[in-house]
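Each chain, letter by letter, is given below.
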Amino acid sequence: MSSLRSNSATTLSSNISFQSKNPLFHTIFTFFPSIKTHSYSPYTVIRCSIQKRPEYIPSKISNHKYVRIFDTTLRDGEQSPGATMTTKEKLDVARQLAKLGVDIIEAGFPASSEADFEAVRLIAEEIGNNNSDGDYVPVICGLSRCNKRDIDKAWEAVKCAKRPRVHTFIATSEIHMKYKLKMSKEEVVEKARSMVAYARSLGCEDVEFSPEDAGRSEREFLYHILGEVIKAGATTLNIPDTVGYTVPTEFGQLIADIKANTPGIENVIISTHCQNDLGLSTANTLAGACAGARQVEVTINGIGERAGNASLEEVVMALKCRGEKVLGGLYTGINTQHIIPTSKMVEEYTGLQVQPHKAIVGANAFAHESGIHQDGMLKHKDTYEIISPEDIGLSRANEAGIVLGKLSGRHALKSKMLELGYDIEGKELEDLFWRFKSVAEKKKKITDDDIIALMSDEVFQPQVVWQLADVQIACGSLGLSTATVKLIDSDGQEHVACSVGTGPVDAAYKAVDLIVKVPITLLEYSMNAVTEGIDAIASTRVLIRGEDDHAITNGSIGPTHHRIFSGTGADMDVVISSVRAYIGALNKMLSFGKLVSRYKKPEGSVVV
């Protein structure tokens, strides 16, 4: 395994002096005081300890340094506006999460809709019983509110998995109990206790309980309700900072206090779930782990409600990079070389693009433009990189061994895709190959970013309802832009329409609307060049919302509002790239609409 890099002893000593003033590191030093006197030899190389994943037992972990990774990308992450995924996309992401090595996959909220129920059931059936990628089969978890209907639906959806879990929750903060639940403390305790017991009575031996908004809850009340659900049979207690209100010292102390004052706490696993409203979710999560939590709830790319959740890649790489020397030896079972492919898949399926400066997975995370930095990198990579990009599955274009061009064959393309972390074959490889050939004949140099953009456009697409056949544009300064568009429907029939617009993209979109005949509002349109130069591939992203009878509601508690769907497209022609993105979003909306229309209206969607 590639090494993880550190700075020299002098720099490390300086960093520790600075970090001790930081709230996160104050918390870390409080719970692990011995690290203050740790001596570092010059140019220490911090390596990831290859330690075995402990046998899965719901209520305990045999190795007290092991931290379970609970991924909620498919539940909390999908609640981000525009992040709706189809059942196929959810299965793809779940497969990738299993390859990544997450311990628990929270696959969704089964009671929110029959579509979500079916997705969770399929994930439990396939991913929850498949160990083809290793010896470990992930726990498949379904979320439920504290009521029998929700718990019944969650258990029904996950019970076919080898390791099923039901995750139930109820709010415990004064503001939530008073204004949202309109329940007394006694009523909340009884509801939590009885519903955990009910979940166990169904035959579920792995029940997680969350006191929603624990970060703003009264401590003594928290100790009491947590003690009662432990008696009722809870195996994991998740402590959510639901609104991202706490800072690391507070959250670390909260976990420590719960560990010290909750009766029966030695018989369960403590978990964290930190939102990112103040940008502290990763820091709070690490503080919670240092204070005794042995499960952390995270999402890929940190997606989720509002400002998102603690980011899996940030938490995992912080533990890998600093766990042995600074964080008390904590480690995870994550195969970090799958981080980049997983991040890319979630980015494409949800349409939520990662900002360039995002830690670990951002485009600039391993880019060096400053002359001073470049000079240091040329002399020794350790000067400015504390993590080897290869450790997270990142292969930089200037270090790749295979150069692709118009004469390259399928084997070369497949080899390049494997190098980039994508294992595709069959029809997906064939479709990508012909897209690649068409671009290679027009471009002299095909970069890794070009390949990834083409793959995203060709492979990461929803079920085909409408397919783009041809686009013809006439535009200029002499008159209105005119577009002729030919689409092919799911039965193979061709449909042609012409329209005029204020520009070529506007005209093309209007022509598509004439064919599809679905009322749509375009909410967002963005485009960027994947690479430099006049022959760069253009990558387009759109957000759309269905209107009138074609709107798909998201079933959230409160007023009904329309679901938002994203689409992406890539091509050397900016108009074709734009139309591809628009049709991709349409296909996602129409596919989702067909699925939901078979069932009754969803009941609700919530955030813990």
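Residues numbered from 1 in each chain as written. Predicted model: local features only at pLDDT ≥ 70, side-chain atom pairs only at ≥ 80, totals over all residues. Heavy atoms only, no water.

Participant: Just to check I follow, could you spell out the overall build of the protein for this structure?
Facilitator: On a plain count of helices and strands, the protein comes out with 18 helices and 14 strands. Taken across its 608 residues, the protein has 56% of its residues classed as buried. Once local pairs closer than 6 in sequence are excluded, the contacts in the protein between residues at least 24 apart make up 69%. Entry remark: accessible area of the protein is about 25700 Å², with carbon and sulfur atoms responsible for 52%. (Helix = DSSP H or I, 4+ residues; strand = E, 2+ residues; numbered from the N terminus. Buried < 20%, exposed > 50% of the residue type's maximum accessible area, 1.4 Å probe, protein only. Contact = heavy atoms within 4.5 Å. Areas by Shrake-Rupley, 256 points an atom, 1.4 Å probe, with all protein chains shown as cover.)

Participant: Explanation requested: the sheet that holds strand E11 (residues 494-501) in the structure shown.
Facilitator: What holds strands together in a sheet is hydrogen bonding between their backbones, with the strands either parallel or antiparallel. Read from one edge of the open sheet, 3 strands run E9-E10-E11, paired in antiparallel fashion. Edge strands, defined here as strands with exactly one partner in the open sheet, are strand E9 (466-474) and E11. Between one strand axis and the next, the sheet turns by 20° as a mean value, whatever way the strands run. Pairing between strand E10 (residues 481-489) and E11: 8 bridges, direction antiparallel. When the bridges of E11 are listed, Ser-481 appears paired with Gly-501. Sheet strands in contact with helix H17 (residues 504-516) are E9, E10 and E11, and its direction is about 140° off that of E11. (Pairing = 2+ DSSP bridges. Axes fitted to C-alpha atoms, helices over the stretch in contact; angles between N-to-C directions.)

Participant: Which parts of the structure should I look at to understand the pairing of strand E3 (residues 139-145)?
Facilitator: Successive residues of a regular strand alternate their side chains across the two faces of the sheet. Burial within E3 is extensive, with 7 of its 7 residues counted as buried. With burial as the criterion, each face of E3 is covered, one bearing Val-139, Cys-141, Leu-143 and Arg-145 and the other bearing Ile-140, Gly-142 and Ser-144. Summarising the sheet, E3 and strand E4 (residues 164-171) pair through 6 bridges and their orientation is parallel. Residue Arg-145 lies in a different strand from E4, and its bridge partner there is Phe-169. The parallel pair E3 and E4, bridged by helix H5 (residues 148-158), forms a crossover whose chirality is right-handed. (Right-handed = clockwise from strand over helix to strand, strands pointing away.)

Participant: Sorry, what's going on with the packing of aromatic side chains here?
Facilitator: Here the distance between the centres and the angle between the planes together describe a pair of aromatic rings. Scanning the entire structure with this criterion turns up 4 aromatic pairs. On the numbers, 5.2 Å between centres and 70° between planes, the contact of Tyr-66 with Tyr-331 is edge-to-face. Placement of Tyr-66 in the loop between helix H2 (23-31) and strand E1 (68-71) and of Tyr-331 in the loop between helix H11 (312-322) and helix H12 (339-350) is noted, with a sequence separation of 265 residues between them. Taken as a pair, Tyr-66 and Tyr-331 share a single burial class, namely buried. Summarising the aromatic geometry, the rings of Tyr-509 and Tyr-582 are spaced 4.0 Å apart at their centres and angled 10° between planes, so their arrangement reads as stacked. (Phe/Tyr/Trp six-rings, centres within 6.5 Å; stacked < 30°, edge-to-face > 60°.)

Participant: I would appreciate a short explanation of the pattern of salt bridges in the present structure.
Facilitator: Pairing between side chains becomes possible if they bear opposite charge and their charged atoms approach one another. Within the structure shown, the criterion is met by 30 salt bridges. Here Asp-92 ties to Arg-95 by a salt bridge, and the two come within 2.7 Å at their closest N and O atoms. You can see Asp-92 and its partner Arg-95 sitting in helix H3 (residues 87-100), 3 residues apart, about one turn around the helix. (Salt bridge = Lys/Arg side-chain N within 4 Å of Asp/Glu carboxyl O.)

Participant: When you look at unusual backbone geometry in this model, what are you seeing that I'm missing?
Facilitator: A negative phi angle is the norm for most residues apart from glycine, just as the trans form is the norm for most peptide bonds. Backbone geometry places Lys-182, a non-glycine residue, at a positive phi of 55°. In this fold, Lys-182 is placed in the loop between helix H6 (174-181) and helix H7 (185-201). A positive phi angle, close to 60°, is found at Lys-517, a residue other than glycine. Relative to the helices and strands, Lys-517 is located in the loop between H17 and strand E12 (520-529).

Participant: Got a minute to help me understand the pairing of strand E13 (residues 538-546) in this structure?
Facilitator: Among the 9 residues of E13, 8 are classified as buried, and the element is accordingly described as predominantly covered. Examined bridge by bridge, E13 and strand E14 (residues 564-571) share 8 bridges and lie antiparallel to one another. Counted as the bridge partner of Arg-541 is Thr-568 from E14.

Participant: What am I meant to see in the nonpolar core here?
Facilitator: By size, the foremost hydrophobic cluster in this structure holds 93 residues, and its most contacted members are Ile-140, Phe-209 and Leu-237. The element contributing the most residues to this core is helix H8 (residues 219-232), with 8 residues. Dropping the residues within four chain positions of it, Leu-237 is found in contact with Phe-209, Leu-226, Val-229, Ile-230, Ile-265, Val-268, Ile-269, Ile-270 and Ser-271. In this structure, Ala-497, Ile-583, Met-589 and Phe-592 belong to the second largest nonpolar core, which totals 30 residues. (Core = buried A, V, L, I, M, F, W, Y, C linked by side-chain atoms within 4.5 Å.)

Participant: Hey, could you run me through the side chain of Gln-96 in this one?
Facilitator: Along the polypeptide, Gln-96 turns up in helix H3. According to the relative accessible area criterion, Gln-96 is buried, its value standing at 9%. When neighbours within four sequence positions are excluded, Gln-96 is seen to be in contact with His-338, Pro-341, Thr-342 and Met-345.

Participant: I would appreciate a short explanation of the confidence of the model for the protein in the present structure.
Facilitator: Parts of the model with low pLDDT should not have their predicted coordinates read in detail. Summary statistics for the protein give a mean pLDDT of 82 and a share of 79% for residues scoring 70 or more. Across residues 549-561 the pLDDT falls below 50, and counting only partners more than four positions away or on other chains, this stretch makes 32 contacts in the model. Across residues 596-608, confidence stays below pLDDT 50; counting only partners more than four residues off in sequence or on other chains, it has 51 contacts. (pLDDT = per-residue confidence, 0-100.)

Participant: Explain the packing of H5 against H7 to me, please; I cannot follow it from the model alone.
Facilitator: For any two helices packed against each other, one specifies the crossing angle of their axes together with the interaxial distance. Close contact between H5 and H7 brings their axes to 10 Å; oriented N to C, the two are set at 30°. If you check the angle between H5 and H7, you find them roughly parallel. Helix-helix and strand crossings are classified by hand; for H5 and H7 the assignment is right-handed. For the pair formed by H5 and H7, the contact residues are Lys-148, Ile-151 and Asp-152 on the first element and Met-195, Tyr-198 and Ala-199 on the second. Taken together, the residues that form the contact of H5 with H7 break down as 4 nonpolar, no polar and 2 charged. (Parallel < 35°, antiparallel > 145°, perpendicular 65-115°, else oblique. Left-handed = near helix turned anticlockwise from the far one by under 90°. Nonpolar A, V, L, I, M, F, W, Y, C, P; charged D, E, K, R; others polar.)

Participant: Help me understand the sheet that holds E3, please; the structure alone is not making it clear to me.
Facilitator: The 8 strands are arranged E1-E2-E3-E4-E5-E6-E7-E8 in a closed barrel whose pairing can be described as parallel. Strand-to-strand twist of the sheet, defined as the mean angle between neighbouring strand axes without regard to direction, takes the value 25°. Across the sheet, helix H4 (residues 114-126) is in contact with strand E2 (104-108) and E3; its angle to E2 comes to roughly 150°. The strands touched by helix H9 (residues 248-261) within the sheet are strand E6 (236-241) and strand E7 (269-274), with E7 carrying the most contacts at an inclination of about 155°.

Participant: Explain H4 to me, please; I cannot follow it from the model alone.
Facilitator: Along an α-helix, residues three or four positions apart point the same way, because every turn accommodates 3.6 residues. If you check H4, its first and last C-alpha atoms are 18 Å apart, about what 13 residues at 1.5 Å a residue would give, namely 18 Å. Turning to H4, its buried residues number three or more, namely Ala-115, Asp-116, Phe-117, Ala-119, Val-120, Ile-123 and Ala-124. (Expected span 1.5 Å × (residues − 1).)

Participant: Honestly, the environment of Cys-204 in this entry has me stumped. Any pointers?
Facilitator: As for its position among the elements, Cys-204 is in the loop between H7 and strand E5 (207-212). Along the sequence, Cys-204 and Val-158 sit 46 residues apart, while their C-alpha atoms lie 9.6 Å from each other. Excluding residues that lie within four positions of it along the chain, Cys-204 makes contacts with Trp-155, Pro-164, Arg-165, Val-166 and Ala-199.

Participant: Would you explain the environment of Ile-269 in this entry?
Facilitator: Structurally, Ile-269 is set in strand E7. You can call Ile-269 buried: its relative accessible area is 5%. In this structure, the C-alpha to C-alpha distance between Ile-269 and Glu-208, residues 61 residues apart in sequence, is 9.1 Å. Ile-269 has contacts with Pro-58, Ser-59, Lys-60, Ile-61, Arg-68, Thr-235, Thr-236, Leu-237, Arg-294 and Gln-295, leaving out every residue within four places of it along the chain.

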